[in-house]
Amino acid sequence: MRRYLFALSASLAFAAHAEDIGSVDTVFKFIGPDHKIVVEAYDDPGVSGVTCYLSRARTGGIKGALGLAEDKAEASIACRQVGAIAIAKPLKPQEEIFSERTSLVFKRQRIVRMVDPKRNALVYLTYSDRLIEGSPQNSVTVVPVDRATPIPLR
């Protein structure tokens, strides 16, 4: 239980870093918001100078407006160097840097950062999971880091 509460509090902290970039409507709904594809930006909390752009479906209608809808598992990610890369403290070889619920209780969209020390690169994976069964749908992107900036590992 303590582990679950820690994960919940950590995911709420990461959710605060999301920035809406824009959206497009995919299905018109008479009542409630339309179904959309949204694009959001997430700055990597452990690596300044890297931003991840995530596009994903957001369900509209009455259920979507009330937060009761379950969003689709499809998502796409593109992480880019947007400034000088600086790593303040050593990184874990693999770490979840973002998590947000995409249904009332059971489903989450996640972004995981992995370090590829051999190639001096940061690998970002996004996927959706459920409490019981996740989805194999995923998207991956890589940010190469200049060899002059070694990636410190824990």
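Conventions and cut-offs
Residues numbered from 1 in each chain as written. Predicted model: local features only at pLDDT ≥ 70, side-chain atom pairs only at ≥ 80, totals over all residues. Heavy atoms only, no water. Helix = DSSP H or I, 4+ residues; strand = E, 2+ residues; numbered from the N terminus. Buried < 20%, exposed > 50% of the residue type's maximum accessible area, 1.4 Å probe, protein only. Contact = heavy atoms within 4.5 Å. Areas by Shrake-Rupley, 256 points an atom, 1.4 Å probe, with all protein chains shown as cover. Core = buried A, V, L, I, M, F, W, Y, C linked by side-chain atoms within 4.5 Å. Pairing = 2+ DSSP bridges. pLDDT = per-residue confidence, 0-100. Lys, Arg positive; Asp, Glu negative; His and termini not counted. Salt bridge = Lys/Arg side-chain N within 4 Å of Asp/Glu carboxyl O. Polar contact = N/O pair within 3.5 Å; in protein donor to acceptor, adjacent residues only side chain to side chain.

Quick look at the overall build of the protein
Thought 1: Assigned secondary structure in the protein consists of two helices and eight strands.
Thought 2: Within the protein, buried positions represent 36% of all 154 residues.
Thought 3: Counted over contacts in the protein with a minimum sequence separation of 6, partners at least 24 positions apart contribute 49%.
Thought 4: Summed over all atoms, the accessible surface of the protein reaches about 9400 Å², with 59% contributed by carbon and sulfur.

Section: the nonpolar core
Considering soluble globular proteins, one finds that nonpolar side chains tend to be buried as a cluster.
Thought 1: Counting residues in hydrophobic clusters, the biggest one holds 20 residues, and the most contacted among them are Val-50, Ile-111, Leu-122 and Tyr-124.
Thought 2: Of all the elements in the fold, those that place two or more residues in this core are β3 (48-58), β4 (75-86), β5 (94-101), β6 (107-116) and β7 (121-130).
Thought 3: Top element by residues in this core is β4. It accounts for four residues.
Thought 4: Not counting the four nearest positions on each side in its chain, Leu-122 is found in contact with Val-47, Val-50, Leu-91, Arg-113, Met-114, Val-115, Thr-141, Val-142, Val-143, Val-145 and Ile-151.

A look at the pairing of strand β2 (residues 35-43)
Thought 1: Examined bridge by bridge, strand β1 (residues 18-27) and β2 share eight bridges and lie antiparallel to one another. Note on β2: the bridge partner recorded for Ala-18 is Tyr-42.
Thought 2: Adjacent in sequence and paired antiparallel, β2 and β3 are bridged by four residues.

Some details on the confidence of the model for the protein
Thought 1: When pLDDT is averaged across the protein, the result is 80; 69% of the residues are at 70 or more.
Thought 2: No element of the protein has a lower mean pLDDT than helix α1 (residues 2-15), at 40, and none a higher one than strand β8 (residues 138-144), at 95.
Thought 3: Across residues 1-16 the pLDDT falls below 50, and counting only partners more than four positions away or on other chains, this stretch makes eight contacts in the model.

Here we look at the side chain of Arg-108
Thought 1: Inspection of the secondary structure puts Arg-108 in strand β6.
Thought 2: Among buried Asp, Glu, Lys and Arg side chains, Arg-108 stands out as unpaired, with Asp-129 the closest opposite charge at 5.9 Å.
Thought 3: Among the polar contacts made by the side chain of Arg-108, one reaches the side chain of Ser-99 at a distance of 2.7 Å.

A short note on the pattern of salt bridges
Thought 1: What the rule picks out here adds up to seven salt bridges.
Thought 2: In this structure, Arg-113 and Asp-44 form a salt bridge, with 2.8 Å as the shortest nitrogen-oxygen distance. Of this pair, Arg-113 sits in strand β6 while Asp-44 sits in the loop between β2 and β3; the two residues are 69 residues apart in sequence, bridging distant segments of the chain. No difference in accessibility class separates Arg-113 from Asp-44, as the two residues are buried.
Thought 3: Of the charged contacts, one joins Arg-119 and Asp-116 as a salt bridge, the two residues approaching to 3.0 Å between their closest N and O atoms.
Thought 4: In the salt-bridge network here, residues are joined through shared partners; they are Asp-44, Glu-95 and Arg-113.

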